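Per-entry structural report
This is what each chain is made of:
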Amino acid sequence: DRTWGGLTMEAFLPQQLLELLFEGLPLAAAAFVLAIATQVPLLLSASLGPAVMAPFVCLEYLSLVFLQPSLAISTAALVNISALLRMGNGRLAKGTAWLSIFLTLFISLLSSIFIISLAAVLAFAFSHDEAILQPTASLMPLAALSMIWHALGLDCMAVLESAGSAKKALALKLWSSYALTIPLSMVLVYLSDTGLLGLLSSIIAGQAVGAMQAFFKVKGLNWAAL
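Anyway, here's the lowdown on the structure attached to this text. (Residues numbered from 1 in each chain as written. Predicted model: local features only at pLDDT ≥ 70, side-chain atom pairs only at ≥ 80, totals over all residues. Heavy atoms only, no water.)

1. Observations regarding the overall build of the protein
- Along its length, the protein carries 8 helices and 0 strands.
- Its helices and strands in sequence order give the protein the pattern α-α-α-α-α-α-α-α, from N to C terminus.
- A principal-axis box enclosing the C-alpha atoms of the protein has dimensions of 70 × 40 × 35 Å.
- Here the protein, with 226 residues, has 40% of them falling under the buried criterion.
- Long-range pairs, those at least 24 residues apart, make up 76% of the contacts in the protein with a sequence separation of at least 6. (Helix = DSSP H or I, 4+ residues; strand = E, 2+ residues; numbered from the N terminus. Buried < 20%, exposed > 50% of the residue type's maximum accessible area, 1.4 Å probe, protein only. Contact = heavy atoms within 4.5 Å.)

2. What to know about the packing of helix α6 (residues 140-162) against helix α7 (residues 166-191)
- Interhelical geometry of α6 versus α7 gives an angle of 150° and a closest axis separation of 7 Å. It follows from the interaxial angle that α6 and α7 lie roughly antiparallel. In this structure, α6 contributes M157, L160 and E161 to the contact, and α7 contributes A166, A169, L172 and K173. (Axes fitted to C-alpha atoms, helices over the stretch in contact; angles between N-to-C directions. Parallel < 35°, antiparallel > 145°, perpendicular 65-115°, else oblique.)

3. A short note on the layout of surface pockets
- For the largest pocket, the calculated volume is near 950 Å³.
- Every residue lining the largest pocket is counted, 31 residues in all, and those nearest its centre are T38, E60, H150, I203 and Q207.
- Secondary-structure elements contributing two or more residues to the lining of the largest pocket are α1 (14-47), α2 (50-86), α6, α7 and α8 (195-219).
- Of the residues forming the lining of the largest pocket, the biggest block, 8 residues, is contributed by α2.
- A breakdown of the residues in the lining of the largest pocket according to their chemical character gives 17 nonpolar, 12 polar and 2 charged. (1 Å grid on protein atoms, 1.4 Å probe; cavity = no way out; pocket = protein on both sides within 12 Å on 5 of 7 lines; lining within 4 Å. Points joined across faces, edges and corners; volume = space filled by probe spheres on them. Nonpolar A, V, L, I, M, F, W, Y, C, P; charged D, E, K, R; others polar.)

4. A closer look at the packing of aromatic side chains
- Summed over all chains, the structure comprises 4 aromatic pairs.
- Centre to centre, the rings of W98 and F215 are 5.4 Å apart; their planes meet at 80°, and the pair counts as edge-to-face. Of this pair, W98 sits in helix α3 (residues 90-117) while F215 sits in helix α8, and the two are 117 residues apart along the sequence.
- W98 gets classed as buried once you look at its relative accessible area, which sits at 17%. (Phe/Tyr/Trp six-rings, centres within 6.5 Å; stacked < 30°, edge-to-face > 60°.)

5. Some words on the side chain of S108
- As for its position among the elements, S108 is in helix α3.
- The residues touching S108, leaving out its near neighbours within four places in the chain, are S70, M147, I148 and A151.

Here is the structure:
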């Protein structure tokens, strides 16, 4: 009586397995396509040569390191908001959602100030090569800006997923990547010949548009009906 009775042979019947497959396959395919999109900027930087790829990798890694607190907050928000909605407490779920968004913004702003203030020191931690140090340090403000938009987008997407809008969140990620970031980066990198600056600018533009769309969708949620 104290064990979970959900694991039965009925769960492994062909009909149930097919239903699970048909329900999960589209999301899995979309997630795979999104994973490919996240690697396109790296491939573009590689096509411009080592002089561009090395600073790009340094800046991306730096943003990823300072993004971890925001990632932890968005993950916690996803779990807590989902649990609150299952208990029927939409008001507390709404408060938790906005608290996580503003906390993410606050932490990412502090991290960006730290990155900009110590740009030369942080760049020196990645390489002692002057050819890599100079562009990495000079583009630290763009890395900080990218991290802010990325953090906001992560948290807003997590809130949407916890509110039962996982497909909408995934569609926003795909749209911002394939309709904006990738085409704009190709134009700026290859046609405008702006190099690493154009590549980073296109990434920031995609992150900003995706984050703001997610933000306004969170703002429009009817928490009482969830």
